[in-house]
Amino acid sequence: MKKILGLALTGALLVSMVGCAAGGGDESGGGGDDELIVGFSQVGAESGWRTANTKDIQGAFEEAGIELKFSDAQGKQENQIKAIRSYIQQQVDVIAFSPVVESGWDTVLNEAKDAGIPVVLTDRAVDSEDDTLYESFLGSDFIIEGERAGAWVLEEFADADVVNVVELQGTTGAAPANDRAQGFRDAIAGEDKFEIIASQTGDFTRAGGKQVMEAFLKSNPDIDLVYAHNDDMGLGAIEAIEAAGLVPGTDIKIVTVDAVKDGMQALADGKINFIVECSPLLGAQLVDIVTTLHDGGSVEKRIVTEETTFTQEQAIEALPDRQY
Ligand code: AHR
């Protein structure tokens with residue numbers, strides 16, 4: 001109990017205690033006593049980022065002494081919907097989830113609302129027009145991430161006349177795939193020399209990135225740049241480029257998003273040229289949010305994760321202390 005109260009105070013930096021949240025507190029249809037039980041539905045285990053995110057969330061809840069019911073949706077929206085329904089049935093106090101895709105959540109989120117159980121979105125957004133269906137969305141601004149990748153590309157290719165870009169997109173319909181594509185296009189829009197000659201999903205996996213890159217290399221002899229929506233797909237692309245007898249980072253430049261250890265190592269080795277960070281360390285903030293909701297407080301509707309970018313030199317410096 002002491003620990004939970006302590007966490008609520010820490011959380012005051014992030015959240016404001018201004019009255020009762022819809023569905024929060026002990027009258028919420030949740031556990032109904034002091035014990036806080038949270039149901040969390042994770043996307044899957046598609047990438048190094050996701051593994052780090054799961055570890056961080058589970059670790060933060062364990063440290064806080066809060067019961068976390070965890071389910072892995074294995075990349076399927078129907079599994080997430082089933083998990084959310086099961087959490088409603090179990091009358092957990094708060095439901096948190098990272099939506100596989102953006103659309104198609106209104107029905108199940110209305111069921112949670114009717115049951116009086118507050119919902120927190122972590123990492124990814126839903127595209128529902130009704131923002132009363134969730135209490136808070138904690139995670140990155142993926143459009144800014146795409147813009148940061150685009151800003152680097154503008155500088156890197158400042159003297160080029162023509163730049164042929166291939167794009168390895170994340171999971172079709174997922175918020176980071178939609179927004180990273182958008183942000184990147186917005187950033188390069190003013191420069192006609194950039195042409196996105198091929199764009200396909202690699203589903204945020206290393207195997208997917210490799211397979212799609214192999215196909216890109218077969219049909220496009222003059223690729224200047226790979227824009228991969230995450231490190232794992234970029235690492236898969238490196239394998240495909242090397243197998244084709246080319247030098248990644250030199251013959252073909254690569255920019256990715258995430259900054260997980262393997263990606264940072266490839267950047268330090270000169271195989272990736274630039275990484276835009278997307279932080280998976282959401283556990284402590286999520287603990288603050290659910291604790292505040294349970295105590296009857298309200299939380300910020302949008303909490304944006306702080307992130308940076310990495311050049312090769314910065315990756316070499318950051319690698320020894322990289323947590324994930
Ligand atoms: O939603 C975050 C994205 O999902 C990460 O950038 C990617 O690696 C993961 O699969």
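Residues numbered from 1 in each chain as written. Predicted model: local features only at pLDDT ≥ 70, side-chain atom pairs only at ≥ 80, totals over all residues. Heavy atoms only, no water.

Where an unreviewed UniProt entry is consulted, the protein chain appears under the name Monosaccharide ABC transporter substrate-binding protein (CUT2 family), with the organism given as Glaciihabitans tibetensis. As recorded by UniProt, the Subcellular location (unreviewed entry) comment attached to the protein chain reads in full: "Cell envelope". According to UniProt, the comment filed for the protein chain under the heading Sequence similarities (unreviewed entry) is "Belongs to the bacterial solute-binding protein 2 family." (UniProt positions renumbered as here; feature names shortened; annotations may be inferred.)

## Description of the pattern of salt bridges
According to the stated counting rule, one finds 14 salt bridges in the structure shown. In this structure, the salt-bridge partner of Arg-206 is Asp-262, at a minimum N-O distance of 2.9 Å. Taken together, the positions of Arg-206 in helix α7 (residues 206-219) and Asp-262 in helix α9 (residues 261-268) put the pair 56 residues apart, joining distant regions of the chain. Judged by relative accessible area, which is 45%, Asp-262 ranks as partly exposed. One network of salt bridges, with partners in common, ties together Glu-46, Arg-50, Asp-123 and Arg-124. (Salt bridge = Lys/Arg side-chain N within 4 Å of Asp/Glu carboxyl O. Helix = DSSP H or I, 4+ residues; strand = E, 2+ residues; numbered from the N terminus. Buried < 20%, exposed > 50% of the residue type's maximum accessible area, 1.4 Å probe, protein only.)

## A closer look at the site of the ligand
Residues in contact with the ligand, as listed here, are Glu-46, Ser-47, Trp-49, Arg-50, Asp-123, Arg-124, Phe-142, Pro-176, Arg-180, Phe-204, Asn-230 and Asp-258. In this structure, Arg-124 approaches the ligand through a side-chain N or O atom, which is 2.8 Å from an oxygen atom. Between the ligand and Asp-258 there is a distance of 2.6 Å, counted from an oxygen atom to a side-chain nitrogen or oxygen. Alone, the ligand offers 280 Å² of accessible surface; in the complex the protein occludes 100% of this. Every element with two or more residues in the shell around the ligand is listed here: α2 (48-64) and α6 (175-188). In the shell around the ligand, the residues fall into four nonpolar, two polar and six charged. (Near = heavy atom within 4 Å. Polar contact = N/O pair within 3.5 Å; in protein donor to acceptor, adjacent residues only side chain to side chain. Areas by Shrake-Rupley, 256 points an atom, 1.4 Å probe, with all protein chains shown as cover. Nonpolar A, V, L, I, M, F, W, Y, C, P; charged D, E, K, R; others polar.)

## A few points about the nonpolar core
Leu-168, Met-213, Phe-216, Val-226 and Met-264 are the most contacted members of the largest nonpolar core, which has 31 residues in total. Of all the secondary structure elements, the ones that give two or more residues to this core are β6 (163-169), α7, β8 (225-228), α8 (231-243), α9 and α11 (312-318). Looking at this core, the element that brings in the most residues is α8, giving six residues. Dropping the residues within four chain positions of it, Met-213 is found in contact with Val-166, Leu-168, Ile-223, Val-226, Ala-237, Ala-240, Ile-241 and Ile-252. One finds Phe-142, Val-153, Ile-188 and Phe-194 within the second-largest nonpolar core, a separate group that totals 22 residues. (Core = buried A, V, L, I, M, F, W, Y, C linked by side-chain atoms within 4.5 Å. Contact = heavy atoms within 4.5 Å.)

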